[in-house]
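Each chain is listed here by its residues.
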Amino acid sequence: MPRNWDEHFAQAAGLDFTPSPLVVEVAEKLRPGRALDLACGAGRNSLHLAALGWHVTAVDASPNALRILRQRAAGLPIETQLADLEAGHFTIEPSGYDLICDILYLQRSLFPEIREGVRLGGVVAAEVLLADGGPHRFALEPGELRAEFAGWKILYYSESAPPSQTRATARIIARNA
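Just so we're clear, the structure is a prediction, and the values are computed from it rather than from any experiment.

A. Summary view of the sheet that holds strand S7 (residues 169-175). Across the sheet, which stays open at both edges, the seven strands sit in the order S3-S2-S1-S4-S5-S7-S6 with mixed pairing between neighbours. Every other strand in the sheet has two partners, leaving strand S3 (78-82) and strand S6 (153-160) as the edge strands with one partner each. Within this sheet the neighbouring strands show an average axis-to-axis angle of 10 degrees, counted without direction. With six bridges connecting them, strand S4 (residues 97-103) and strand S5 (residues 118-129) associate as parallel partners. Its bridge partner being in S5, Ile 103 is matched across the sheet by Glu 127.

Structure representation (structure tokens):
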């Protein structure tokens, strides 16, 4: 994990705890169950899901981010896992989740585990930056996210810059049918 992320989360002051609109949308349409929030940061999406009754596993490599999340969780059903996803320190339980959220985090090698981790009938909600012409290993090419979920029921897909961001993202809600 780049050291700057842990420094970024060293203090809670100024952090935005507004959940992703994609997570809000998907959570409103599903009955609460088990959710996995990958690279959760300080837990804006985990907190939202848990407040709706989801049992959330929140994974991040930043001890400071998880400390903030635990402080804010105050009895909500959130289990935090300190793990460097890129180093393989967390394994997604096969068929273990009704919802997996991957918001503004890209690790291409994790997509097979994400697909395997969603129960039949479960959903993935993902939002990943799109390539903008510059060198960036954490950005997808147009159509790449949709292709990762070929054979799944695509409930929503978009590639654009949402009002809250300056860079374009690919957003998907896909059901393991």
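Now, onward.
B. Fine view of the packing of aromatic side chains. Going through the model one piece at a time under the given rule, you end up with two aromatic pairs. Note on Phe 111 and Phe 149: the rings are 6.1 Å apart at their centroids and 90 degrees apart in plane angle, and the pair reads as edge-to-face. Of this pair, Phe 111 sits in helix H5 (residues 111-117) while Phe 149 sits in the loop between helix H6 (144-148) and S6, placing them 38 residues apart in sequence. Each member of the pair, Phe 111 together with Phe 149, is buried. Centroid distance Phe 149 to Trp 152: 5.2 Å. Interplanar angle 80 degrees. Geometry classified as edge-to-face. Here the two residues Phe 149 and Trp 152 agree in accessibility, since each one is buried. Over the ring of Tyr 97 we find Arg 34, and its NZ or CZ is 4.6 Å from the ring centre.

C. Molecular detail of helix H2 (residues 21-29). Considered for burial, the residues of H2 that qualify are Leu 22, Val 23, Val 26 and Ala 27. Around the axis of H2, the buried residues are gathered within 125 degrees of arc, so they sit on the same side. Exposed positions of H2 whose direction lies more than 90 degrees from the buried face are Pro 21, Glu 28 and Lys 29.

D. Fine view of unusual backbone geometry. Unusually for a residue other than glycine, Ala 39 sits at a positive phi of about 50 degrees. Here Ala 39 lies in the loop between strand S1 (34-38) and helix H3 (44-51). Even without being a glycine, Ala 74 presents a positive backbone phi close to 35 degrees. Among the structural elements, Ala 74 can be located in the loop between helix H4 (63-73) and S3. Its relative accessible area of 67% is what places Ala 74 among the exposed residues.

E. Broad picture of the packing of H2 against H3. Put simply, H2 and H3 touch, their axes get as near as 10 Å, and they point 20 degrees apart. On the basis of their axis angle, the class for H2 and H3 is roughly parallel. The chirality of how H2 crosses H3 is right-handed. In this structure, H2 uses Val 23, Val 24 and Ala 27 to contact H3, whose residues at the interface are Asn 45, His 48 and Leu 49.

F. Looking closely at the environment of Asp 16. Structurally, the position occupied by Asp 16 is in the loop between helix H1 (3-8) and H2. The spatial distance from the C-alpha of Asp 16 to the C-alpha of Ala 42 is 8.9 Å, given a sequence separation of 26 residues.

G. Region of interest: H4. Within H4, the full set of buried residues consists of Asn 64, Ala 65, Leu 66, Ile 68, Leu 69 and Ala 73. A positive phi of about 35 degrees marks Ala 74, the residue just after H4.

H. Looking closely at the pattern of salt bridges. Counted according to the given criterion, the structure contains five salt bridges. Note that Glu 25 is salt-bridged to Lys 29, the shortest N-O span being 3.5 Å. Taken together, the residues Glu 25 and Lys 29, both in helix H2 and four residues apart, mark about one turn of the helix. The exposure class assigned to Lys 29 is exposed, which follows from its relative accessible area of 62%. For Arg 34, the salt bridge identified is with Glu 93, shortest N-O distance 3.1 Å. You can see Arg 34 sitting in strand S1 and its partner Glu 93 sitting in the loop between S3 and S4, a full 59 residues away along the chain. Residue Arg 34 is classed as partly exposed on the basis of its relative accessible area of 26%.

Cut-offs used in this document
- Residues numbered from 1 in each chain as written.
- Predicted model: local features only at pLDDT ≥ 70, side-chain atom pairs only at ≥ 80, totals over all residues.
- Heavy atoms only, no water.
- Pairing = 2+ DSSP bridges.
- Helix = DSSP H or I, 4+ residues; strand = E, 2+ residues; numbered from the N terminus.
- Axes fitted to C-alpha atoms, helices over the stretch in contact; angles between N-to-C directions.
- Phe/Tyr/Trp six-rings, centres within 6.5 Å; stacked < 30°, edge-to-face > 60°.
- Buried < 20%, exposed > 50% of the residue type's maximum accessible area, 1.4 Å probe, protein only.
- Lys NZ or Arg CZ within 6 Å of the ring centre and 35° of its normal.
- Arc of directions from axis to C-beta.
- Parallel < 35°, antiparallel > 145°, perpendicular 65-115°, else oblique.
- Left-handed = near helix turned anticlockwise from the far one by under 90°.
- Contact = heavy atoms within 4.5 Å.
- Salt bridge = Lys/Arg side-chain N within 4 Å of Asp/Glu carboxyl O.

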